[in-house]
Amino acid sequence: MARSSRAEDAGGDTVRGGQQLEQLTQRMLTSTPACANDGRFIEDNPDPATTTALRRVCFGCDLLAACNAFAKSAKPEAGFWAGTDYSTRRLGRPPKEAADAAGSRS
């Protein structure tokens, strides 16, 4: 049986990407992310030059694969993860999970 990509946080709430978060956290015990202490990674909608610079940092990071697996599973709504600006993903159509939830309330 496959493990779910969801886990519970300390408050008992379900967290997307729980298994991948655990793997990323374990890797961070032995390797510091290249983005550590760089506030640009949490800015919304960085300009193109900043986006290029952030991608270079990501692609040189030892944690890129674990970070990418977490981001793909968790689908963050903000920040720059594994070379991808997730702040721009909020524009346009909502994620399938949000659309399904909205449809079930009608």
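Rules and cut-offs
- Residues numbered from 1 in each chain as written.
- Predicted model: local features only at pLDDT ≥ 70, side-chain atom pairs only at ≥ 80, totals over all residues.
- Heavy atoms only, no water.
- Helix = DSSP H or I, 4+ residues; strand = E, 2+ residues; numbered from the N terminus.
- Polar contact = N/O pair within 3.5 Å; in protein donor to acceptor, adjacent residues only side chain to side chain.
- Contact = heavy atoms within 4.5 Å.
- Core = buried A, V, L, I, M, F, W, Y, C linked by side-chain atoms within 4.5 Å.
- Buried < 20%, exposed > 50% of the residue type's maximum accessible area, 1.4 Å probe, protein only.
- Phe/Tyr/Trp six-rings, centres within 6.5 Å; stacked < 30°, edge-to-face > 60°.
- Axes fitted to C-alpha atoms, helices over the stretch in contact; angles between N-to-C directions.
- Parallel < 35°, antiparallel > 145°, perpendicular 65-115°, else oblique.
- Left-handed = near helix turned anticlockwise from the far one by under 90°.
- Nonpolar A, V, L, I, M, F, W, Y, C, P; charged D, E, K, R; others polar.

Asks: Please explain the environment of Arg55 as it appears in this structure.
Replies: Mapped onto the elements, Arg55 comes out in helix α2 (residues 48-59). Separated by 29 residues in sequence, Arg55 and Thr84 have C-alpha atoms that sit 7.4 Å apart.

Asks: Looking at this structure, I do not really get the side chain of Asp85. What am I missing?
Replies: Topologically, Asp85 is positioned in strand β4 (residues 84-85). Among the polar contacts listed, one links the side chain of Asp85 to the side chain of Ser87, at a separation of 2.5 Å. Excluding anything up to four places from it in sequence, Asp85 contacts Asn45, Pro46, Gly79 and Phe80.

Asks: How do you make sense of the nonpolar core when you look at a structure like this?
Replies: Core analysis: the biggest nonpolar cluster contains eight residues, these being Leu24, Cys61, Leu63, Ala66, Cys67, Phe70, Ala74 and Ala82. Here this core gets four residues from one element, more than from any other, and that element is helix α3 (residues 64-74). With near-sequence residues (within four places) excluded, Ala74 lies in contact with Arg16 and Gly17.

Asks: I'm lost on the packing of aromatic side chains in this one. Help?
Replies: Geometrically, a pair of aromatic rings is defined through the distance of the ring centres and the angle of the planes. Evaluated as defined, the whole model comprises two aromatic pairs. Both rings, one in Phe41 and one in Phe80, keep their centres 5.9 Å apart while their planes meet at 75 degrees; by these two values the pair is edge-to-face. Of this pair, Phe41 sits in the loop between α1 (18-28) and α2 while Phe80 is found in strand β3 (residues 80-81), placing the two residues 39 residues apart along the sequence. Residue class for Phe41 comes out buried when judged on its relative accessible area of 6%.

Asks: Looking at this model, I keep getting lost on the packing of α1 against α3. Mind explaining?
Replies: When two helices pack together, their arrangement is given by the angle between their axes and by how far apart the axes lie. Running from amino to carboxyl end, α1 crosses α3 at an angle of 155 degrees, the nearest separation of the two axes being 8 Å. Taken together, the axes of α1 and α3 are roughly antiparallel relative to one another. Here the hand of the crossing between α1 and α3 comes out left-handed. Contact residues: α1 offers Gln20, Leu21, Leu24 and Arg27, while α3 offers Ala66, Cys67, Ala69, Phe70 and Ser73. For the contact of α1 with α3, the class distribution of residues is six nonpolar, two polar and one charged.

Asks: I tried to follow the environment of Glu22 on my own but got confused; where do I start?
Replies: For Glu22, the position within the fold is in helix α1. It is 8.9 Å that separates the C-alpha atoms of Glu22 and Phe70, two residues lying 48 residues apart in sequence.

Asks: What should I look at first to understand α3 in this one?
Replies: Because an α-helix packs 3.6 residues into every turn, residues spaced three or four apart end up facing the same way. Restricting attention to buried positions, one finds in α3 the residues Ala66, Cys67, Phe70, Ala71, Ser73 and Ala74. Just downstream of α3, Lys75 is the residue with a positive phi angle, here 50 degrees.

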